[in-house]
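Remarks on the overall topology
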Amino acid sequence: MSTKKDIQICINPHFDAVSLWIGSWGGEDSPCDISRGVYGAKRGVPRLLELFNRYNMKVTWGVTGHSMESFPKAAEMICDAVKNKGHEIGIHGYCHENPLAMTREQEAAVLDRTISTIEKISGKKPVGYMAPWWELSKNTVELLLERGIKYDSSLMEDDFHPYYVRVGDSWTKINYNGSAEDWMKPWQAGEPADLVEIPCSWHLDDAPPLLFVKASANSHGWITGRQLGEIWQDQFDWVYRHHDYAVMPITIHPDACGKPHGLMMLERLFDHMLSHEGVRFVTMEEAADDYRKRAPFGSNIELGGPSGLHV
């Protein structure tokens, strides 16, 4: 008798809109780039919501406070999906700021403003965090725990299995002006914190392959939806073959997968996933809560098979 599968798919749309171009990628002075952000709110959000509704699917929206305040109609549509369809809203900065560039006070202010904005508009306090730029500062985890955040999705130590974030990892940067002995030191693991990590992946993000960025030397944006769908389907097929339990987060953007070739790719991918027994679409909060039951904090239970990491 085969083991029952539980493959949890977490679709994570990032509602960045204009804030993406203000906070990242050098588009803050370009009316054209700003208009691309407006497209995300104007066309991308409604199209994605229609797709999710058609598949009766729950997703986790990572929103910036700027997007929620700038585009109240799109924000209302997302909040309606939270109330009526079981969607979730997580924190994604106020203006897509880089946490590594902010002081502790600035980062705290951004978190507080975004949390209050989400709670005011949706009626529910967020419990998840997706860092803008997928960067955490040395202060981020402490600030999240102080605010009752239950999970993060910004790190990449694993791919298809949650784990508890560590604080205090240390490593030595190379200084070519000094002695080699000064930097030839191993990476050292810190201590686990009571914050579930749902690992993200650039390979499961539509922005690098589908969004053209004028200011970025390695920008792309010209592959077909079928090419991207092939990569994502291969990842899913491998996970389904090798694991009975897994969490597969997929990050999408209304101004990328809200385009026709992105929407058609998602339809084909969802149909393929749902043709497999034991596959379900869940919010990141649901995936994090489920992980806590499987591996309570402090239990040192590691899921996902043999690991080369000994901490």
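Scroll up a little and you will see the structure.
A brief look at the structure comes next. (Residues numbered from 1 in each chain as written. Predicted model: local features only at pLDDT ≥ 70, side-chain atom pairs only at ≥ 80, totals over all residues. Heavy atoms only, no water.)

**A few points about the overall build of the chain**
- Secondary structure assignment for the chain yields ten helices and nine strands.
- The globule rule puts the C-alpha radius of gyration for 311 residues at 19 Å, and the 19 Å found for the chain is close to it.
- Based on the C-alpha atoms only, the size of the chain along its principal axes is roughly 60 × 55 × 40 Å.
- Relative to all contacts within the chain whose residues are 6 or more apart in sequence, the contacts with residues 24 or more apart total 77%. (Helix = DSSP H or I, 4+ residues; strand = E, 2+ residues; numbered from the N terminus. Rg over C-alpha atoms; globule rule 2.2 N^0.38 Å. Contact = heavy atoms within 4.5 Å.)

**Things to note about the nonpolar core**
- Grouped together as the largest cluster of nonpolar side chains are 69 residues, with contacts concentrated most on Ile-11, Phe-15 and Trp-61.
- Judged by nonpolar contacts, the second largest core, of 16 residues, contains Val-127, Met-130, Val-282 and Ala-295. (Core = buried A, V, L, I, M, F, W, Y, C linked by side-chain atoms within 4.5 Å. Buried < 20%, exposed > 50% of the residue type's maximum accessible area, 1.4 Å probe, protein only.)

**Thoughts on the pattern of salt bridges**
- Per the stated rule, a full pass over the model turns up 20 salt bridges.
- The salt bridge involving Glu-267 is made with Arg-54; its shortest N-O contact spans 3.2 Å. Of this pair, Glu-267 sits in helix α9 (residues 260-274) while Arg-54 sits in helix α2 (residues 31-54), and the two are 213 residues apart along the sequence.
- Classification of Glu-267 by relative accessible area gives partly exposed; the value is 22%.
- We classify Arg-54 as partly exposed; its relative accessible area is 44%.
- The residue Glu-146 makes a salt bridge to Arg-104 at a minimum N-O spacing of 3.4 Å. Taken as a pair, Glu-146 in helix α6 (residues 140-146) and Arg-104 in helix α5 (residues 104-122) lie far apart in primary sequence, 42 residues in all.
- One salt-bridge network, in which partners are shared between bridges, spans Arg-104, Asp-112, Glu-142, Glu-146 and Arg-147. (Salt bridge = Lys/Arg side-chain N within 4 Å of Asp/Glu carboxyl O.)

**Let's talk about the pairing of strand β1 (residues 6-15)**
- Taking burial as the measure, the ten residues of β1 include ten buried ones, the bulk of the element.
- On β1, burial covers both faces: Asp-6, Gln-8, Cys-10, Asn-12 and His-14 on one face and Ile-7, Ile-9, Ile-11, Pro-13 and Phe-15 on the other are all buried.
- Bridge count for β1 against strand β8 (residues 245-252) is eight bridges, and the pairing is parallel. Of the residues in β8, the one forming a bridge with Cys-10 is Pro-249.
- Across three bridges, the pairing between β1 and strand β9 (residues 279-281) is parallel. By the bridge assignment, Ile-7 is partnered in β9 with Val-279. (Pairing = 2+ DSSP bridges.)

**Brief notes about the pairing of strand β3 (residues 88-91)**
- The two faces of β3 match: Glu-88 and Gly-90 on one face and Ile-89 and Ile-91 on the other face are all buried.
- For strand β2 (residues 60-63) and β3, the ladder comprises four bridges, and the chain directions are parallel. Directly across from Gly-62, in β3, lies its bridge partner Gly-90.

**Some points on the packing of helix α8 (residues 225-242) against α9**
- α9 packs onto α8 with a crossing angle of 25° between their chain directions and a minimal axis gap of 9 Å. Classified by the interaxial angle, the pair formed by α8 and α9 is roughly parallel. Where α8 crosses over α9, the two elements pack in a sense that is right-handed. Taken together, the residues of α9 that come into contact with α8 (itself represented by Gly-225, Arg-226, Leu-228, Gly-229, Trp-232, Gln-233, Phe-236 and Asp-237) are His-261, Met-265, Leu-266, Arg-268, Leu-269, His-272 and Met-273.
- Looking at the contact of α8 with α9 residue by residue, the classes come out as seven nonpolar, five polar and three charged. (Axes fitted to C-alpha atoms, helices over the stretch in contact; angles between N-to-C directions. Parallel < 35°, antiparallel > 145°, perpendicular 65-115°, else oblique. Left-handed = near helix turned anticlockwise from the far one by under 90°. Nonpolar A, V, L, I, M, F, W, Y, C, P; charged D, E, K, R; others polar.)

**What to know about the side chain of Ser-67**
- Turning to its location among the elements, Ser-67 is positioned in helix α3 (residues 65-70).
- A distance of 3.0 Å separates the side chain of Ser-67 from the backbone oxygen of Phe-15, its partner in a polar contact.
- Residues contacting Ser-67, with those up to four places away along its chain left out, are Phe-15, Asp-16, Ala-17 and Ser-19. (Polar contact = N/O pair within 3.5 Å; in protein donor to acceptor, adjacent residues only side chain to side chain.)

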